[in-house]
Amino acid sequence: MSNETDKIEVALFVTCLVDINRPSVGFATVKLLEQTGCKVVVPDAQTCCGQPAYNSGDRRTTKQIAADVIKAFKGFRYVVAPSGSCAGMIKKHYPELFADDPDMLLEAEDLAARTHELVSFLADVRKFKVDDVEFEKKVTYHDSCSSLREMKVKDQPRSLLAGVEDLELIEAEDREACCGFGGTFCIKYSEVSEEMVDRKIDNLRATGAEVVTAGDLGCLMNIAGRLYRQGHKMKVLHIAEILADMGDKPGIGEERR
Amino acid sequence: MEVTSRQFKENAHEAMQDENLRAALGRVKTGFTTARRTAADALPEFEDLRDQARDIKNHVLDNLDYYLEYFEDQVTQQGGHVHWCSTHKEARDAILKICRDVDAKTVTKGKSMITEEIALNKFLAAEGIEPIETDLGEYIIQLADEPPSHIIGPAVHKTKDQVTELFHEHHQKYGYTEREEDAEKLVGEARAVLRHKYVTADVGITGANFLVAETGSTVIVTNEGNGDLTQSLPKTHIVVASLEKVIPTLEDVSTVMRVLARSATGQEMSVYTTFSTGPKRSDDIDGPENFHVVLLDGGRSEMIGTELQELLRCIRCGACMNHCPVYHAVGGHSYGWVYPGPIGAALNPQMVGLEEAYHLPNASSFCGRCEEVCPVRIPIPKILRHWREKAFEQQIGPKPDRWGIEIWGFFAKRPALYRLMTKIGARVLSSLSGKKGRLKKLPFNNGWTRCRDLPAPQGKTFMEQWAAKGGRGD
């Protein structure tokens, strides 16, 4: 690897769920980015991408948060988030938010152009090849809605997982159906969400896989929470944890050792 | 129909307990989605066609007055009549007047969402005119006295056993005393009962999938042929359609048709596609003597030029509901008005009022699958979000939800304070969970933990650990 100053600077958008709930995903992300020759910077002024406000109809608060994010991530060549949903918010929705404010629109579009979802950044931009990672498990991958539909992440996670030694990827039925998370949706319409996650879990379990993975922590917490409430024993991991060779850690919601 | 959207949660709760409904919805989920996929994959130009269909509809909506007047001229030239109606009441009254003029006792009806919208059946019945639905699905739910639960499969929520029961109850008076359980024979029974109705009806009412401006034709697509019999056997044919159904040319119709059935049922074309142009001519063997088009605005012109205009591209294929995981969970009746599923969630607040329909745009996980499959690319999630913003501005909806967002927003805008709160929160939740790694209950909100454990935070936040490491990875 070349020396420190030649490295490409990447600003990490940690995502609020990763920050609070599962920092190991953040560290897995840092590790992967460093493996591709990037220097990772974590701007201190970040909190959240603003989706809770945006999806609740609070446009004013969303714009304030978006303006803060735009400011905090100004000037970095790349901004990467280990979440299709947060990256999608920045990339697709920030420009829409400022459509009637030409100065801010330019800034929002500039940030949008520099923002990437982690897995697609690794595969498409950094042409990353997984090397020397072993995970002897049957794994099934859930396509998170925002990753899939807003960020067009579909083949990238599969090809990266294919590079992990001894990992067997088993595709689930209806893998592109929503797991029922949807941010505040799963709390406000808990019963509908439960029905959705139950269908998702039936399909995931039918694969016979031992591990379920995805690129968004929201979906994974939802799936893990329901799996455990039902007494099932699948292990739930963020894809960054598997790719960064951290798959042996306790899964999401699993007992600590 | 009566609006029950306000009780969305209660409706949904009931629906999810209904085993018959769950079985029926399972078929929507797998049957229609697989069929659409196969049909789309078989047509390399499918995506281009969607763009073309969108563009045609956009062009019409940008020039709606022109094409509607063009259409009216052509209908008139062909010997038909166009009745312009702003409101549901005007449309009902116009239809009633036509029926009264021919002294109608019975009316056969092809499937039409607009007549559901204006609650025509109940109205006609109250006026002493018997409406008879001829689409098999519509016929079934008419017997059951229920509204449709899906725009292309109105009785999709009914199982075969329920149909057996309904037919057994209602067909005895026609001499069918045996309880019939075979699907094919059930269809035969309905067909035989309806046959007599077709030939004796005084008026036939159909909807229209398209109104063709250049020829003054109305177009219906069906799979049963019932629409043809409804519109060609009685002496009077009334077409009820909303304004946005107009399409400039026959060529345009053929383009949009190529995405309609493929998106709906996965068929290349529906079995019957029928063009009606004016009443019967002197040398025609059959057809109606009177031809009327009742054109309903019903609040649609107010949508032109607003964020909602894109909704008027809808060609009523049902693909959005076929692919919607919320629809799959709760069924069509939960939405509480004529249009179910994502399109209903986007359209109904405009039609019945946001206060009444508040839940519909909110009860979405924004998964985006509806937009992904919409043949005319309606950005449904964007419109649902538009309604959420309206509701937030107008303070419609539960107060605690709004307060929750405001409190969260207060911290999210103040990184230092936010950092402190998340640090404390993560630690508290982590220690509450002990070694279990998850929590069964939260003290302040059971929305999550009612049916799910909460995976507990690992301990210190990422930002805290990152700072402690001096900004370095492991």
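Structure first, text after, so check above.
Residues numbered from 1 in each chain as written. Chains lettered and ligands numbered in written order. Predicted model: local features only at pLDDT ≥ 70, side-chain atom pairs only at ≥ 80, totals over all residues. Heavy atoms only, no water.

### Quick notes on the overall build of chain B
Then step 1. Along chain B, the regular secondary structure elements total 22 helices and twelve strands.
Then step 2. In chain B, once contacts between residues fewer than 6 apart in sequence are set aside, the share between residues at least 24 apart is 73%.
Then step 3. When the accessible surface of chain B is split by element, carbon and sulfur atoms take 51% of a total near 20200 Å². (Helix = DSSP H or I, 4+ residues; strand = E, 2+ residues; numbered from the N terminus. Contact = heavy atoms within 4.5 Å. Areas by Shrake-Rupley, 256 points an atom, 1.4 Å probe, with all protein chains shown as cover.)

### Quick look at the side chain of B:Glu117
All names here are of chain B.
Then step 1. By the secondary structure assignment, Glu-117 is in helix α6 (residues 113–117).
Then step 2. Note on Glu-117: relative accessible area 3%, which makes it buried.
Then step 3. Here the side chain of Glu-117 touches Arg-300 through a polar contact of 2.8 Å, side chain to side chain.
Then step 4. Excluding its chain neighbours within four sequence positions, the residues that come into contact with Glu-117 are His-88, Leu-296, Gly-298, Arg-300, Trp-337, Val-338, Tyr-339 and Met-351. (Buried < 20%, exposed > 50% of the residue type's maximum accessible area, 1.4 Å probe, protein only. Polar contact = N/O pair within 3.5 Å; in protein donor to acceptor, adjacent residues only side chain to side chain.)

### Quick look at empty space enclosed by the protein
All names here are of chain B.
Then step 1. Summed over the entire model, instances satisfying the criterion amount to seven cavities of 30 Å³ or more.
Then step 2. If you list the elements that add at least two residues to the lining of the largest cavity, you get α14 (325–330), α15 (341–352), α18 (369–373) and α19 (380–393).
Then step 3. Of the residues forming the lining of the largest cavity, the biggest block, three residues, is contributed by α15.
Then step 4. Broken down by class, the residue content of the lining of the largest cavity amounts to 13 nonpolar, four polar and one charged. (1 Å grid on protein atoms, 1.4 Å probe; cavity = no way out; pocket = protein on both sides within 12 Å on 5 of 7 lines; lining within 4 Å. Points joined across faces, edges and corners; volume = space filled by probe spheres on them. Nonpolar A, V, L, I, M, F, W, Y, C, P; charged D, E, K, R; others polar.)

### With respect to helix α5 (residues 84–97) of chain A
Residues and elements named next belong to chain A.
Then step 1. Here α5 spans 18 Å end to end across 14 residues, near enough to the 20 Å set by a 1.5 Å rise per residue.
Then step 2. Largest kink in α5: about 30°, centred on Ile-90.
Then step 3. Counted residue by residue, α5 has eleven buried out of 14 residues, so it is predominantly covered.
Then step 4. Turning to α5, its buried residues are Gly-84, Ser-85, Cys-86, Ala-87, Gly-88, Met-89, Ile-90, His-93, Tyr-94, Pro-95 and Leu-97.
Then step 5. The N-cap of α5, judged by a side-chain oxygen 3.2 Å from the amide nitrogen of Ser-85 a few residues on, is Ser-83. (Expected span 1.5 Å × (residues − 1). Bend = angle between axes of the 7 residues up to and from the residue.)

### What to know about the packing of helix α11 (residues 190–206) of chain A against helix α12 (residues 217–229) of chain A
Residue and element names in this part refer to chain A.
Then step 1. In the contact formed by α11 and α12, the axes pass within 10 Å of each other and the chain directions differ by 80°. Relative to α12, the element α11 lies roughly perpendicular. Residues Ser-193, Glu-194, Val-197, Asp-198, Lys-200, Ile-201, Leu-204 and Arg-205 of α11 lie in contact with α12, whose contacting residues are Asn-222, Ile-223, Arg-226 and Leu-227.
Then step 2. Tallied by class, residues from the contact of α11 with α12 come to five nonpolar, two polar and five charged. (Axes fitted to C-alpha atoms, helices over the stretch in contact; angles between N-to-C directions. Parallel < 35°, antiparallel > 145°, perpendicular 65-115°, else oblique.)

### Quick look at the packing of aromatic side chains
Then step 1. By the definition in use, this model includes 15 aromatic pairs over all chains.
Then step 2. Both rings, one in A:Tyr78 and one in A:Phe121, keep their centres 5.0 Å apart while their planes meet at 65°; by these two values the pair is edge-to-face. Placement of A:Tyr78 in strand β3 (residues 78–81) and of A:Phe121 in helix α7 (residues 118–125) is noted, with a sequence separation of 43 residues between them.
Then step 3. Residue classification places A:Tyr78 among the buried positions, given a relative accessible area of 12%.
Then step 4. With relative accessibility at 0%, the residue A:Phe121 sits in the buried group.
Then step 5. Taking 5.6 Å as the distance between ring centres and 20° as the angle between the ring planes, the aromatic pair formed by B:Phe462 and B:Trp466 counts as stacked. Taken together, the residues B:Phe462 and B:Trp466, both in helix α22 (residues 462–468) and four residues apart, mark about one turn of the helix. (Phe/Tyr/Trp six-rings, centres within 6.5 Å; stacked < 30°, edge-to-face > 60°.)

### Considering the pairing of β3(A)
Residues and elements named next belong to chain A.
Then step 1. What you see with β3 is no split at all: Tyr-78 and Val-80 on one side and Val-79 and Ala-81 on the other are buried throughout.
Then step 2. Direction of pairing for strand β1 (residues 8–12) relative to β3: parallel, over a ladder of three bridges. Residue pairing for β3: Ala-11 is matched across the bridge by Val-79.
Then step 3. For β3 and strand β4 (residues 115–117), the ladder comprises three bridges, and the chain directions are parallel. By the bridge assignment, Val-79 is partnered in β4 with Thr-115. (Pairing = 2+ DSSP bridges.)

### Things to note about the interface of chain B and chain A
Then step 1. Each side of the interface is counted separately: chain B has 70 residues, and chain A has 69 residues.
Then step 2. Interface area, chain B with chain A, both sides summed: about 6300 Å², of which 55% is carbon and sulfur.
Then step 3. Taken as a group, B:Arg452, B:Gln458 and B:Phe462 account for 12% of the area that chain B buries against chain A, more than any other trio of residues on that side.
Then step 4. The shortest N-O distance in the salt bridge between B:Lys436 and A:Glu255 comes to 3.9 Å. (Buried area = accessible area lost by both parts, 1.4 Å probe. Salt bridge = Lys/Arg side-chain N within 4 Å of Asp/Glu carboxyl O.)

### A look at α11(A)
Residues and elements named next belong to chain A.
Then step 1. Here α11 contains 17 residues, and its C-alpha end-to-end distance of 24 Å stays within 8% of the 24 Å for a straight helix at 1.5 Å per residue.
Then step 2. α11 sits mainly inside the fold: 13 of its 17 residues count as buried.
Then step 3. Looking one or two residues beyond α11, the residue adopting positive phi is Gly-208, at roughly 80°.

### Description of the sheet that holds β3(A)
Residue and element names in this part refer to chain A.
Then step 1. One open sheet accounts for four strands, arranged β2-β1-β3-β4; its pairing is parallel. Both outer strands of the open sheet, β2 (38–41) and β4, are each paired with one neighbouring strand and no more. Between one strand and the next, the sheet's axes are offset by a mean angle of 35°, whatever the strand orientation.
Then step 2. Along the sheet, helix α2 (residues 23–35) contacts β1, β2 and β3; its crossing angle with β2, the most-contacted strand, is approximately 150°.
Then step 3. Contacts between helix α6 (residues 102–114) and the sheet are confined to β3 and β4, with β4 contributing the most and set at about 40° to the helix.

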